[in-house]
Amino acid sequence: MKNIDSYSHVRGESLFVDDLITRQDTLYGLVFDAPVAHGIIKQIDYSEAESIEGVIKIFTYKDILGENQIGGIIPDELLWTKNEIHFWGQPIAFIVATSEAIAKKARKLIRIEIEKLPAITTAKEAKAKNSFINAPRSFHLGDTDNAFAHCDFIIEGETFSNGQEHLYLETQGCYAVPMENGNIKITSSTQGPTSVQKITARVLGVPMHKIEVDVIRLGGGFGGKEDQATPWAVMAAVAVQHLKKPVKFVLNRHDDLRMTGKRHPYESTFKIGLTKDLKITAFEAEFLQNSGAAADLSPAIAERTLFHATNSYYIPNVKTTVLSCKTNLPPNTAFRGFGGPQGMFVIESAIAKAAHIIGVEKERIQEANLLDENDTFSYGQIATQVEAKNTWRTAALNFKLEKIEHEVRDFNAQNTQFKKGVSIMPITFGISFTNTPMNNARALVHIYQDGSVGVSTGAVEMGQSVNTKMLQVAYKTLGIHPSKVKLETTNTTRVANTSPTAASSTADLNGKAVLKACETLISRLSEVAANMLNTKAGEVNFKNDAVFVNNKKSPITWEDVIAQAMLDRVALTENAHYTTPVIHFDKTKEKGHPFAYHVYGTAITTTTVNCLTGTYEIDSVKIIHDFGKSMNLGIDIGQVEGALIQGIGWMTMEEISYNKEGKLLSNALSTYKVPDIFSVPKTVEIAPLETKGNDMAILKSKAVGEPPLMYGIGAYFAIQNAVKAFNPNYEPKFHAPFTPEKVLMGLYE
Ligand code: MTE
Ligand code: LUZ
Ligand code: MOS
């Protein structure tokens, strides 16, 4: 089954926000944003900008009829700021003009006077100044103090991992159109149509039913449109409310890079304790999350850092704390992995440092501590269907790890200018929104009277091919040809109160709802068919567009049954609601069973470092991944490849840079390097692990969107091993990304 979008994608026919046919009277929006990171607005003069022909109106906080509040988890973020500026790029006003060019011209004519205040740009500074988003969170397991007292080795250290720009190919954008009676229809490039609807209604001061949000598809989201697609849609909607004309607002790349939040940088400290047999008996970490100027999703992301702080290792005594530090950067936000990767980089760094000091290979410590069946995670969930050791051993065996390591040692013995390094990166990732109530979804399935089918869900297609998976669930359950099923746009009027497309859970949650709806339809249609064939409903089933009785093909087709159902006045529409069973979490105790299941895998990464220049190539990444029973291996392998490269980018080359004043310096693709075809590994091999799958995964096909990003962490340690092979004096540092500059300094320190 191919991705159902591939045909229109390669022909350039797929529709995105910017492709919509606009109404003749459409106006264009542009944000005027703060030119400093922290300060008090003394005065703004819009008069010159407003006087330009074609400028219709410049909107500010004064024009908000509802609440000037767009915060999701915590109400701490204004749509347009009033008099205080909290980050460089913070929206102050919204220019609406007859063209984008005119709006741009007007923006340059706005005069602003600001009293500058000192800006906090790092999490450490924020901590020193007691600047936090919310109270810290801590997870505890066992007794670390007691365990450290009995360790043979105790190693402490610190780590830094930088932010990461989402760089979705399609920038943020929306098109808001006035309908009758003050209703507004917004087409948005959002992962969270319901968030857009809810916050728009709040800011406009109207009930949610007045706002319809439609999402065709996204040219990538990667978490960057889970919360941060909302403000642009709300701004356009405020303008529509006042002007009663359609407003289009698609951010240009510079504005998008400057005004939106990114993956959170983390500064962390760790303390790890091991016994002589290399068992990790205690682990403590403090994670300083650079949250930016408002909460956004930071508290949830911080929480996931704690969930993944021990990766796929069993550590009996754990104490982890995360502090969401408030700084004067754009509010950082969801990014594939959602705080998990930042947590996992710290434990991997702790193990690497311990290995260096003890004088053993990192992989010996890793292997000695892999999770086993019935081990307890620090948050109290008992690990079941664990594949940590299985993926590790399968990778070592299938990819001939010993041979790889032998070849690397040989190579390093024979070469001085070039050195190779290998690393092994096991991963585990919990599947479910960690906020239990969010684990729900609905599907609305219509069978039309000609037998064709329309499926609506809360799932947003953003390149991960969730629509293809939904279509697979529908056609398989209904027993009809895939061409009979169409996936509708994601629309709040058809499927309401949805969770965002996120947490890798979209296919599971929405797929289960589709399954439920289709099963109900089939049981109803079985009665119709049984009547037609003078048999019992229990003996009827639907397959290959035909009706089968006791598995023998009858002369009756799918279309015949639908036609008869119409005559019998049988409902051909079904709406189903699914919630994940089993899961729960008690935040007062920080214990529970938050995840439906975990995904596992192991990657072996090999790199070659040029020890004259500090540049490096990733030779190969070989992965054994736990897909459960993949329902579409082509799509799932594509997800692993994409996530892996994105993870390698984060760990090796993507360097977000703000200056001391909080200005984004890496504000273009000339100053921010993302992986291209030349920097991807020369070989990528991904093999599925044979497992039983999990009943809470859709058709036993496990969630795949985020977990493989963390294979990219392996690249950091492979490069580090190559540096160690060249320079015996190198003191391992854990400061990502490991750019060629840092490699070069490491080679010659
Ligand atoms: N794949 C593509 N092509 N584009 C994306 O934006 N987002 C990722 C992942 N894969 C993304 C992607 C993220 S952050 C998540 S949470 C999942 O897809 C969401 O989709 P799923 O829940 O259907 O896996
Ligand atoms: N979003 C969210 C997420 O709101 N909750 C989560 O647990 C989550 N996990 C991963 C990615 N996005
Ligand atoms: Mo993904 S970070 O859950 O959008």
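The structure we're discussing is the one just above.
Residues numbered from 1 in each chain as written. Chains lettered and ligands numbered in written order. Predicted model: local features only at pLDDT ≥ 70, side-chain atom pairs only at ≥ 80, totals over all residues. Heavy atoms only, no water.

Before going further, it helps to examine the site of ligand 1. Near ligand 1 lie 18 residues; those nearest to it are Gly 221, Phe 222, Met 462, Thr 506 and Gln 639. Separating an oxygen atom of ligand 1 from a backbone N or O atom of Phe 222 is a distance of 2.9 Å. At 3.2 Å, a side-chain N or O of Arg 336 approaches a nitrogen atom of ligand 1. Its residues placed into classes, the shell around ligand 1 shows six nonpolar, 10 polar and two charged. The residue makeup of the shell around ligand 1 includes at least three contributed by each of domain 1 (394-431 + 596-749) and domain 2 (440-579). (Near = heavy atom within 4 Å. Polar contact = N/O pair within 3.5 Å; in protein donor to acceptor, adjacent residues only side chain to side chain. Nonpolar A, V, L, I, M, F, W, Y, C, P; charged D, E, K, R; others polar. Domains from an automatic or database assignment.)

Read across the sheet, six strands follow the order S7-S15-S14-S13-S8-S30 without closing on themselves; strand pairing throughout is mixed. The sheet is open, and its two borders are formed by strand S7 (137-141) and strand S30 (735-736), each paired with just one other strand. Judged from the two bridges that link them, strand S8 (residues 153-161) and S30 form a sheet pairing that is parallel. In the strand pairing of S30, Ser 161 is matched with Ala 736. (Pairing = 2+ DSSP bridges. Helix = DSSP H or I, 4+ residues; strand = E, 2+ residues; numbered from the N terminus.)

It is worth spelling out the packing of aromatic side chains at this point. Here the distance between the centres and the angle between the planes together describe a pair of aromatic rings. One pass over the structure, following the stated rule, counts 19 aromatic pairs. Centroid distance Phe 307 to Phe 595: 5.2 Å. Interplanar angle 75 degrees. Geometry classified as edge-to-face. Taken together, the residues span a long stretch of sequence, with Phe 307 in helix H9 (residues 298-307) and Phe 595 in the loop between strand S26 (591-593) and strand S27 (597-610) at a distance of 288 residues. A relative accessible area of 0% means that Phe 595 is categorised as buried. Aromatic rings pair up to connect Phe 139, Phe 307, Phe 377, Tyr 379, Phe 585 and Phe 595 into one cluster. Note that Lys 57 overlies the ring of Phe 59, its terminal NZ or CZ placed 5.3 Å from the centroid. The positively charged end of Lys 271 is found above the aromatic ring belonging to Phe 148, 4.3 Å away from the centroid. (Phe/Tyr/Trp six-rings, centres within 6.5 Å; stacked < 30°, edge-to-face > 60°. Buried < 20%, exposed > 50% of the residue type's maximum accessible area, 1.4 Å probe, protein only. Lys NZ or Arg CZ within 6 Å of the ring centre and 35° of its normal.)

Moving on: the sheet that holds strand S28 (residues 616-625). Taking strand neighbours across the sheet as the criterion, the four strands line up as S16-S27-S28-S29 in an open arrangement whose pairing is mixed. Across the chains shown, the open sheet's two edge strands, defined by having one partner strand only, are strand S16 (418-431) and strand S29 (683-688). Each strand axis lies, on average, 15 degrees off the axis of its neighbour in the sheet, ignoring direction. In the sheet, S28 pairs with S29 via six bridges, with the strands oriented parallel. Each bridged residue has a counterpart across the sheet, and for Val 621 the counterpart in S29 is Val 684. (Axes fitted to C-alpha atoms, helices over the stretch in contact; angles between N-to-C directions.)

Looking now at empty space enclosed by the protein. If you walk through the whole model with that rule in mind, you get seven cavities of 30 Å³ or more. In this model, the largest cavity occupies a volume close to 70 Å³. Elements with a contribution of two residues or more to the lining of the largest cavity: strand S17 (440-447) and helix H15 (506-533). Each residue belonging to the lining of the largest cavity can be placed in one class, and the counts come to five nonpolar, seven polar and one charged. Space inside the second largest cavity adds up to approximately 50 Å³. Around the second largest cavity, the lining residues are Ile 431, Ser 432, Asn 439, Ser 505, Asp 508, Leu 509, Tyr 578, Thr 580, Ala 596 and Met 696. Residue composition of the lining of the second largest cavity, grouped by class: five nonpolar, four polar and one charged. Two domains each provide a minimum of three residues to the lining of the second largest cavity, namely domain 1 (394-431 + 596-749) and domain 2 (440-579). (1 Å grid on protein atoms, 1.4 Å probe; cavity = no way out; pocket = protein on both sides within 12 Å on 5 of 7 lines; lining within 4 Å. Points joined across faces, edges and corners; volume = space filled by probe spheres on them.)

As a further point, take the pattern of salt bridges. What the rule picks out here adds up to 34 salt bridges. For Arg 23, the salt bridge goes to Asp 25, with nearest N and O atoms at 3.0 Å. Given the relative accessible area of 27%, Asp 25 is considered partly exposed. A network of salt bridges, in which partner residues are shared, links Asp 33, Arg 107, Asp 255 and Arg 258. (Salt bridge = Lys/Arg side-chain N within 4 Å of Asp/Glu carboxyl O.)

Turning our eyes to something else, we now look at the nonpolar core. If you look at soluble globular proteins, the nonpolar side chains tend to sit buried side by side. Membership of the largest hydrophobic core comes to 94 residues, with the highest contact counts inside it found for Phe 345, Val 453, Val 485, Leu 525, Phe 542, Trp 558 and Ile 713. When residues in this core are grouped by element, the largest group, 13 residues, is from H15. Split by domain, the residues of this core number at least three in each of domain 1 (394-431 + 596-749) and domain 2 (440-579). In this structure, Ile 713 is in contact with Pro 341, Met 344, Phe 345, Glu 348, Met 425, Trp 650 and Met 651, ignoring residues within four places of it in sequence. By size, the runner-up hydrophobic cluster in this structure holds 54 residues, among which are Phe 377, Tyr 379, Leu 401 and Ile 424. (Core = buried A, V, L, I, M, F, W, Y, C linked by side-chain atoms within 4.5 Å. Contact = heavy atoms within 4.5 Å.)

Inspection of the secondary structure puts Thr 230 in helix H7 (residues 230-243). Its relative accessible area of 4% is what places Thr 230 among the buried residues. Sequence-distant contacts of Thr 230, that is, excluding residues within four places in its chain, are made with Ser 195, Val 196 and Ile 199.

On to the environment of Asn 551. Checked against the element boundaries, Asn 551 lands in the loop between strand S22 (546-549) and strand S23 (552-557). Residues Asn 551 and Val 540, 11 residues apart in the sequence, show an inter-C-alpha distance of 7.8 Å. Once residues lying within four places of it in the same chain are set aside, the contact partners of Asn 551 are Asn 541 and Lys 543.

Further remarks concern the site of ligand 2. In the vicinity of ligand 2, the contacting residues are Glu 226, Arg 304, Phe 338, Phe 433, Thr 434, Met 438, Ala 502, Ala 503 and Glu 706. Contact between ligand 2 and Glu 226: a nitrogen atom at 2.9 Å from a side-chain N or O atom of the residue. At 3.0 Å, a backbone N or O of Thr 434 approaches an oxygen atom of ligand 2. Per-class residue counts for the shell around ligand 2 are five nonpolar, one polar and three charged.

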